[in-house]
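What the coordinates show
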Protein chains: 4
Amino acid sequence: MVKKVKVGIVGGTGYTGVELLRLLAVHPHVELSVITSRGDAGTLVADMFPSLRGYITLTFSDPATANLTACDVVFFATPHGVAMGQAETLIAAGVKVIDLAADFRLQDTAVFEQWYNMPHACPELLKQAIYGLPELNRSAIKQAQVIGNPGCYPTTVMLGLAPLLEKGLIDFSAPIIADAKSGVSGAGRKAEVSTLFSEASDSMKAYGVAGHRHHPEIEAQLMHLAQQPLQFIFVPHLIPMIRGMLSTLYVKLSTSAQGVDIQQLYESRYADEYFVDVLPAGRLPETRSVRGANHLRIAIQSQGGGYLTLVVVQDNLVKGAAGQAVQNMNIMMDFDEKAGLQVLPLLP
Amino acid sequence: MVKKVKVGIVGGTGYTGVELLRLLAVHPHVELSVITSRGDAGTLVADMFPSLRGYITLTFSDPATANLTACDVVFFATPHGVAMGQAETLIAAGVKVIDLAADFRLQDTAVFEQWYNMPHACPELLKQAIYGLPELNRSAIKQAQVIGNPGCYPTTVMLGLAPLLEKGLIDFSAPIIADAKSGVSGAGRKAEVSTLFSEASDSMKAYGVAGHRHHPEIEAQLMHLAQQPLQFIFVPHLIPMIRGMLSTLYVKLSTSAQGVDIQQLYESRYADEYFVDVLPAGRLPETRSVRGANHLRIAIQSQGGGYLTLVVVQDNLVKGAAGQAVQNMNIMMDFDEKAGLQVLPLLP
Amino acid sequence: MVKKVKVGIVGGTGYTGVELLRLLAVHPHVELSVITSRGDAGTLVADMFPSLRGYITLTFSDPATANLTACDVVFFATPHGVAMGQAETLIAAGVKVIDLAADFRLQDTAVFEQWYNMPHACPELLKQAIYGLPELNRSAIKQAQVIGNPGCYPTTVMLGLAPLLEKGLIDFSAPIIADAKSGVSGAGRKAEVSTLFSEASDSMKAYGVAGHRHHPEIEAQLMHLAQQPLQFIFVPHLIPMIRGMLSTLYVKLSTSAQGVDIQQLYESRYADEYFVDVLPAGRLPETRSVRGANHLRIAIQSQGGGYLTLVVVQDNLVKGAAGQAVQNMNIMMDFDEKAGLQVLPLLP
Amino acid sequence: MVKKVKVGIVGGTGYTGVELLRLLAVHPHVELSVITSRGDAGTLVADMFPSLRGYITLTFSDPATANLTACDVVFFATPHGVAMGQAETLIAAGVKVIDLAADFRLQDTAVFEQWYNMPHACPELLKQAIYGLPELNRSAIKQAQVIGNPGCYPTTVMLGLAPLLEKGLIDFSAPIIADAKSGVSGAGRKAEVSTLFSEASDSMKAYGVAGHRHHPEIEAQLMHLAQQPLQFIFVPHLIPMIRGMLSTLYVKLSTSAQGVDIQQLYESRYADEYFVDVLPAGRLPETRSVRGANHLRIAIQSQGGGYLTLVVVQDNLVKGAAGQAVQNMNIMMDFDEKAGLQVLPLLP
């Protein structure tokens with residue numbers, strides 16, 4: 001008999017919430033027990049998202065009364081600051097917590113408080129939290145009670161650079177540059193003029209002039225792997241597509257990289273990683289090649305002069321959010337890591 | 001020397017407002033004097049709409065203090081109900097008023113009040129208001145003090161059917177059907193989830209299940225030309241494009257239409273209408289062929305059995321709103337009707 | 001043990017081909033054996049469609065040498081005229097044939113030859129072919145050797161009207177009107193200027209002025225159910241979205257429909273049809289609510305005067321093509337009809 | 001009386017051709033005399049591009065018989081290699097030539113021949129050709145007989161970096177990086193699978209893995225201004241929008257830049273350039289803010305560590321092609337440089 005766990009979702013009405021629902025509705029080991037929404041308690045989930053008609057019969061519950069402690073796992077698809085207010089109670093009740101917001105991503109609470117303008121509610125719990133990037137932290141995730149699910153941009157940058165960082169092949173006298181491009185769903189399902197169809201369609205822009213909150217997250221992770229200070233330049237752009245993220249990374253190789261077959265290095269590093277695909281030399285990826293799927297693809301281009309370009313694509317809502325969260329749950333619960341995630345990309 | 005008139009715009013921050021600005025900024029006979037915005041008073045217009053940098057140096061004024069009575073013409077690009085509150089004062093001061101909302105479109109105040117849920121503030125003035133469809137009402141517009149600028153859908157339906165209605169060639173035992181499609185800018189520049197890029201892109205839908213406010217407007221205009229009761233079926237659809245409107249009209253011809261060359265009838269009727277283009281037989285129009293321009297194109301297809309299909313395209317923000325408003329101003333002010341409107345469509 | 005059948009695909013490089021691959025790659029009862037492509041023989045399927053990397057290891061074979069007779073089922077995702085040239089040989093070898101083109105859709109060879117400009121290669125086989133619309137022809141499909149998989153537009157019109165036609169509730173003195181809208185993938189993966197991104201994006205048009213090939217197909221199916229002559233008016237439109245089809249149907253109800261609860265009629269008719277979803281009264285569907293999935297949704301609106309509007313949506317490549325073909329295979333092979341088709345719609 | 005010149009266009013059926021037509025149809029000093037097209041000779045221009053109905057009555061002529069020598073100016077909107085075959089004859093007849101392809105952009109014929117795989121037909125004429133970037137070469141353009149109109153990417157990079165290069169403020173020990181993004185119209189109006197709507201919509205990619213032809217063009221221009229060797233890294237990306245280009249430039253400032261107010265430097269440098277707009281500090285541009293217009297906007301961001309990011313936007317078909325060509329003609333013919341180019345951006 002198939003083992004099933006009870007799953008709760010806090011904040012099911014945003015894009016990461018509905019994406020969790022899409023994936024979990026047919027996950028072989030999951031029984032969806034609770035979905036909360038402050039604003040839409042009492043509404044049938046499938047009335048808000050007709051794409052789920054016939055798959056999900058649950059009704060949104062009021063977060064105040066939802067019985068989350070009866071779950072085995074609870075996902076937070078909420079704004080920053082919500083998960084840290086409830087995590088301790090859940091952990092105490094033996095529930096595993098996966099937060100898709102930023103509450104458990106930054107180990108340094110001062111940095112957290114600076115970028116998110118709020119005190120951290122549970123710094124002690126934060127110390128135990130694991131950064132949920134399975135390809136880097138799988139064994140820690142397996143033991144974790146609380147997961148800080150990585151941001152979408154950080155996932156592309158870290159998986160794009162990990163093979164170089166782990167081998168010490170980057171020359172940190174030059175900055176690491178990430179010119180990153182995101183589909184509009186990354187901005188969430190909030191009523192805002194700037195992401196209206198008539199504003200965001202048939203146009204593009206750079207944004208985040210005052211700094212993007214993924215900057216400190218990436219910087220912390222880079223330094224964790226590099227074990228030394230470095231400069232990280234990050235320019236995010238908004239692209240007129242619903243889903244998809246493409247990060248173009250520019251790095252300078254260290255002299256120790258001379259003679260190293262970088263293509264081969266990446267292929268070896270990710271040979272056993274089901275969700276990371278290193279493209280053959282000379283190929284470049286399109287974001288649609290991962291649309292709706294948990295795969296991330298990497299292409300490597302040498303630029304001469306010791307510079308290397310990496311092009312990394314993922315679906316920002318899947319490997320960049322809900323899919324990675326499910327991957328983390330699979331690891332924590334000892335399921336097949338691919339369970340519920342063998343959904344093929346939708347192309348065209 | 002070129003004659004110039006002082007122009008005011010009330011409510012310059014929506015899509016019809018910024019479209020008026022685009023057209024009027026280079027209109028040879030216009031001096032833009034005042035632009036109001038309740039929420040953005042004090043902001044430079046070109047700071048809100050960087051596309052206008054270098055063309056418009058005005059700042060949004062507070063509607064409470066804006067000196068609108070010093071204008072020759074005032075356009076209302078406001079929500080329904082605003083123009084009727086200010087029109088009498090302006091008219092008394094000799095200002096001509098062109099309302100792009102619905103306040104002066106429906107002669108029957110009971111119908112207005114039913115569909116717009118508010119009492120009409122100036123029913124006396126409404127009696128003098130002219131429905132600003134130049135191709136049907138040009139001489140009345142020339143004399144008008146107050147113009148109710150037509151809705152976007154009504155413009156396509158009325159210009160699509162006028163040649164038949166004027167000649168009595170429609171069999172009203174069958175309903176007139178308008179299957180209409182609009183770009184998303186028709187929903188306005190309001191922060192709403194349903195018109196977010198990630199909701200409205202790569203998808204389409206019918207809407208207005210409870211009835212669309214253009215239904216009574218079209219019905220009134222149809223009956224005005226038909227001089228008899230008729231059934232009008234109207235299904236609007238939302239299409240993932242910024243601008244553009246295409247209405248497909250289905251009518252049954254009366255027996256008196258037998259032997260009439262309908263193509264020829266349309267070409268004659270609109271031969272002198274610069275902004276109405278009857279396509280050659282066998283051609284069908286694309287909305288992009290009028291993107292950004294004040295032209296409306298019509299194609300005629302016989303369907304057998306006495307049924308006729310008309311395909312009508314326009315830019316909903318130009319001939320369907322701001323462009324038609326400028327055309328009305330040109331007529332009222334005795335300018336060349338094309339002044340400021342010879343902007344070519346943007347293709348591709 | 002799970003029963004598996006050997007499946008071949010002729011013409012795997014178009015959109016219906018790659019969609020079959022997406023669905024069949026994870027179908028529990030399918031072993032993909034052969035995929036042919038005249039132009040791309042020798043190319044890895046996953047090199048042409050990187051979305052399939054990790055899921056499909058096959059190489060395109062030359063159609064001349066491909067061992068199709070060793071398959072249990074062969075799908076033709078080819079241009080019109082290909083399947084009829086090979087079907088007899090396959091049938092003789094005991095292979096079941098599902099043609100996604102038009103070769104086996106029109107029982108009247110004269111009509112076929114008029115619209116497709118080619119003689120029919122196997123009129124005898126055509127007589128045995130079954131029109132593969134499961135919700136109407138399930139028992140015949142179960143016995144069939146050859147399936148003519150319905151066109152995308154016909155699927156929406158027939159499922160939209162079947163409940164009325166079966167009960168004799170349509171007044172055929174008025175025409176049946178289908179104002180249909182399709183995403184651009186319906187035009188196929190052919191290098192043509194008119195479907196370039198820069199031509200088809202941010203614009204829409206009606207097309208098929210000279211008649212669309214789905215017209216006779218729909219007309220034949222309508223008359224088959226109506227058992228009497230009728231007029232069918234069909235205007236297809238091209239919409240700037242990749243996938244998705246929305247048909248708005250206008251019919252006049254007969255007097256025998258008076259007092260009939262049409263909403264209830266539809267809900268009953270489709271209560272046991274997993275892939276047909278009748279929306280609650282007052283709701284209208286979006287095409288994205290079925291993106292990538294085999295569901296078709298119907299909404300019913302009364303228009304007064306005895307007229308009814310039906311709004312039907314589907315994914316043109318799934319329920320309108322490849323998904324329906326897999327559904328047919330499931331029926332023919334006695335699999336669960338839903339096998340491999342419980343893929344949730346991708347939203348947003 | 002307004003002075004008018006006779007203008008010819010060779011190759012009027014691509015996107016730069018139709019864009020020239022849009023701009024020149026209402027240019028106050030231009031009489032469109034000849035438009036050629038090998039494939040469409042005899043077709044009315046407005047039949048191919050219905051957006052031009054009512055504005056252009058010309059018919060495409062056969063290039064073999066077109067009387068181009070009677071023109072004052074001839075634009076080549078043709079594939080690479082066409083203009084150089086006809087330029088000498090035209091120059092000899094006193095016609096000024098503006099080539100929108102690459103024939104006259106690269107002074108070094110060896111580089112030209114390497115990247116374009118064809119011998120240069122008129123190396124002597126090439127020596128006199130002027131690189132038509134008005135903001136850098138205005139006085140030379142005024143005297144020129146032959147203009148090599150810059151590529152779209154090079155225009156953004158050169159105008160983005162010129163103020164720094166002219167003042168010697170770049171540290172060339174680091175590479176200059178251009179992460180560039182283009183709308184799909186940049187790929188031209190050619191029937192190709194990769195730019196079909198269903199391939200290019202709702203997705204993005206990097207391309208040009210084997211090197212992009214604008215790379216040597218930019219490199220040559222950079223070195224011309226820098227007067228020294230440098231490394232230039234260029235990664236172009238394809239974005240799902242029709243028009244628009246955004247280049248994000250990463251440079252390291254030299255020590256001589258310490259204390260220099262870079263924002264002020266840019267504002268001064270371009271204070272008198274009507275088509276170059278330096279945004280206020282802290283603002284970032286959207287491509288739609290220049291849609292359809294000849295403006296280019298630049299934003300400057302300091303990144304710390306001596307690194308600077310420049311974000312440059314333009315409409316690839318206007319300032320990146322046809323608009324710049326008209327600007328060059330205006331200079332060559334001693335017209336107001338803005339003549340015919342005060343077309344406001346289309347927003348939304």
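The structure displayed is predicted, hence computed values, not measured ones.

Focus: the interface of chain B and chain C
Contacts between the two partners involve 43 residues from chain B and, on the opposite side, 44 residues from chain C. Taken over both partners, the interface formed by chain B and chain C buries close to 3,600 Å², and the fraction arising from carbon and sulfur atoms is 57%. Where chain B meets chain C, there are six salt bridges. Between K181(B) and D179(C) there is a salt bridge, with its nearest N and O atoms 2.9 Å apart. Run the count over chain B and chain C and you get 26 residue pairs in polar contact (both at pLDDT 80 or more). Sorting the residues of the side of chain B that touches chain C by element identifies β7 (176-183), α8 (197-200), β8 (205-206), β9 (232-239), β10 (245-252), β12 (296-304) and β13 (307-314) of chain B as the ones contributing at least two each. Class assignment for the residues of the side of chain B that touches chain C results in 20 nonpolar, 14 polar and nine charged.

Some remarks on the relation of the copies chain B and chain C
Mapping chain B onto chain C calls for a screw motion: a turn of 180° about the axis and a shift of 0.0 Å along it, with 0.0 Å RMSD after fitting. The operation mapping one copy onto its partner corresponds to a two-fold rotation axis. Residues of chain B ranked by C-alpha distance from the rotation axis are headed by P240(B), positioned 3.1 Å from it. Most of the interface of chain B is mirrored in chain C, where 100% of its interface residues are also at the interface.

Concerning the pairing of strand β2 (residues 30-36) of chain A
Residues and elements named next belong to chain A. Summarising burial for β2: five of the seven residues are buried, a large majority. When strand β1 (residues 5-10) meets β2, the two strands line up parallel, connected through six bridges. Following the sheet pairing, I9 is matched in β2 by I35. Where the polypeptide runs from β1 across helix α1 (residues 15-24) and back to β2, its parallel neighbour, the crossover connection is right-handed.

Points about the relation of the copies chain C and chain D
In the superposition of chain C on chain D (RMSD 0.0 Å, axial shift 0.0 Å), the rotation amounts to 180°. Mapped onto chain D, 100% of the interface residues of chain C again fall at the interface, so both copies present the same surface.

Brief notes about the interface of chain C and chain D
If you look at the interface, chain C gives 20 residues, while chain D gives 20 residues. Our count for the chain C to chain D interface comes out at two salt bridges. In this structure, the salt-bridge partner of R189(C) is E199(D), at a minimum N-O distance of 3.5 Å. Across the chain C-chain D interface, the total number found is eight residue pairs in polar contact (both at pLDDT 80 or more). The element contributing the most residues to the side of chain C that touches chain D is helix α8 (residues 197-200) of chain C, with four residues. Of the residues assigned to the side of chain C that touches chain D, the class counts are 10 nonpolar, five polar and five charged.

What about the packing of aromatic side chains?
For the coordinates displayed, the defined rule picks out 23 aromatic pairs over all chains. Ring centres of F197(A) and F197(B) lie 5.8 Å apart, and the angle between their planes is 10°; on these two criteria the pair is classed as stacked. Residue F197(A) is located in helix α8 (residues 197-200), and its partner F197(B) is located in helix α8; the two belong to separate chains. Comparing F197(A) with F197(B) shows no difference in burial state: the two are buried. Judged by centre distance (5.8 Å) and plane angle (20°), the ring pair of F232(A) and F234(A) falls under stacked. With respect to class, F232(A) is no different from F234(A); both count as buried.

Overview of the sheet that holds strand β6 (residues 146-148) of chain B
What the six strands build is an open sheet, ordered β2-β1-β3-β4-β6-β5 (chain B); its pairing is parallel. Every other strand in the sheet has two partners, leaving β2 (30-36) and β5 (130-131) of chain B as the edge strands with one partner each.

Structural notes on the pairing of strand β3 (residues 73-76) of chain B
All names here are of chain B. Residues V73 and F75 point to one face of β3 and V74 and F76 to the other, with burial holding for every one of them. Strand direction decides the pairing type here: strand β1 (residues 5-10) and β3, joined by four bridges, are parallel. Looking at the pairing, I9 lines up with F75 of β3. Relative to strand β4 (residues 96-99), β3 is paired through four bridges, and the arrangement is parallel. Its bridge partner being in β4, V73 is matched across the sheet by K96.

Here's the deal with the environment of E273(B)
Residues and elements named next belong to chain B. Along the chain, E273 falls in the loop between α10 (262-269) and β11 (276-278). Note on E273: relative accessible area 10%, which makes it buried. A sequence separation of 22 residues divides E273 from H295, and the C-alpha atoms of the two residues are 9.9 Å apart. In this structure E273 touches E135 and R138, once residues within four positions along its chain are discounted.

A short note on the sheet that holds β7(B)
By way of backbone hydrogen bonds, the strands of a sheet pair with one another, either parallel or antiparallel. All names here are of chain B. One open sheet holds the seven strands; their spatial order is β8-β9-β7-β10-β13-β12-β11, and the pairing between them is mixed. Only two strands of the sheet have a single partner each, and these edge strands are β8 and β11. Sheet contacts for helix α9 (residues 214-226): β7 and β9; angle to β9, the most-contacted strand, approximately 135°.

Thoughts on the pattern of salt bridges
Once the charged atoms of two side chains with opposite charge are near each other, the side chains can pair. Taken as a whole and assessed by the stated rule, the structure comprises 85 salt bridges over all chains. We note a salt bridge from R288(A) to E286(A), for which the minimum N-O separation is 3.3 Å. A salt bridge links D277(B) to R53(D); the shortest N-O distance between them is 2.7 Å. Of this pair, D277(B) sits in strand β11 while R53(D) is found in the loop between α2 (45-48) and β3 (73-76), placing the two residues in two different chains. Owing to a relative accessible area of 13%, D277(B) belongs among the buried residues under this scheme.

Some words on the domain arrangement of chain A
Where interface size is given, it is often the accessible area lost as the parts come together that is meant. Residue and element names in this part refer to chain A. Each domain of chain A was delimited in the assignment, giving domain 1 (5-128) and domain 2 (153-316). Taking only C-alpha atoms into account, the centre of domain 1 sits 27 Å from that of domain 2. The largest contributions to the domain 1 side of the interface with domain 2 come from Y15, R105 and W115, which together make up 51% of the buried area. Put simply, domain 1 and domain 2 have two salt bridges between them. Its salt-bridge partner being R105, residue E217 comes within 3.5 Å of it at the nearest N-O pair.

Cut-offs applied
Each chain carries its own residue numbering, running from 1 in the written order of its sequence. Labels follow written order: the first chain is A, the first ligand is 1, and so on. Thresholds applied to this predicted model are a pLDDT of at least 70 for local features of residues and 80 or more for the giving and counting of side-chain atom pairs; totals over whole chains, interfaces and linings are not thresholded and use all residues. Just so you know, side-chain values use all the structure's heavy atoms and leave hydrogens and water out. Contacts between residues were defined by any pair of non-hydrogen atoms, one from each residue, lying within 4.5 Å. Put simply, buried area is how much 1.4 Å-probe accessible surface two parts lose in total, over both of them, once they are put together. Here, a salt bridge means any side-chain nitrogen of Lys or Arg that lies within 4 Å of a carboxyl oxygen of Asp or Glu. We call two N or O atoms a polar contact when they sit within 3.5 Å, provided that within protein one can donate a hydrogen and the other can accept it, with sequence-adjacent residues counted only if both atoms are side-chain atoms. Labels follow the DSSP assignment, with helices taken as runs of H or I lasting at least four residues and strands as runs of E lasting at least two, numbered in each case from the N terminus. Under the scheme applied here, ten amino acids are nonpolar (Ala, Val, Leu, Ile, Met, Phe, Trp, Tyr, Cys and Pro), four are charged (Asp, Glu, Lys and Arg), and all others, including Gly, are polar. C-alpha atoms of residues with pLDDT of at least 70 in both copies form the basis for the least-squares superposition of the copies. Relative accessibility under 20% of the residue-type maximum defines a buried residue, over 50% an exposed one, and the middle range a partly exposed one, all with a 1.4 Å probe and only protein chains included. A pair of strands is labelled paired if DSSP reports no fewer than 2 bridges between them. Handedness of a crossover is defined as follows: with both strands directed away from the viewer, a clockwise route from the first strand across the helix to the second makes it right-handed. Ring geometry is summarised as follows: Phe, Tyr and Trp rings, the Trp one being its six-membered ring, pair when their centres sit within 6.5 Å, and such pairs are stacked at plane angles under 30 degrees, edge-to-face over 60 and tilted between the two. A fitted line through C-alpha atoms serves as each axis, taken over the contacting stretch for helices, and the angle formed by two N-to-C directions is quoted from 0 to 180°. For every domain, the bounds stem from an assignment made automatically or drawn from a database.

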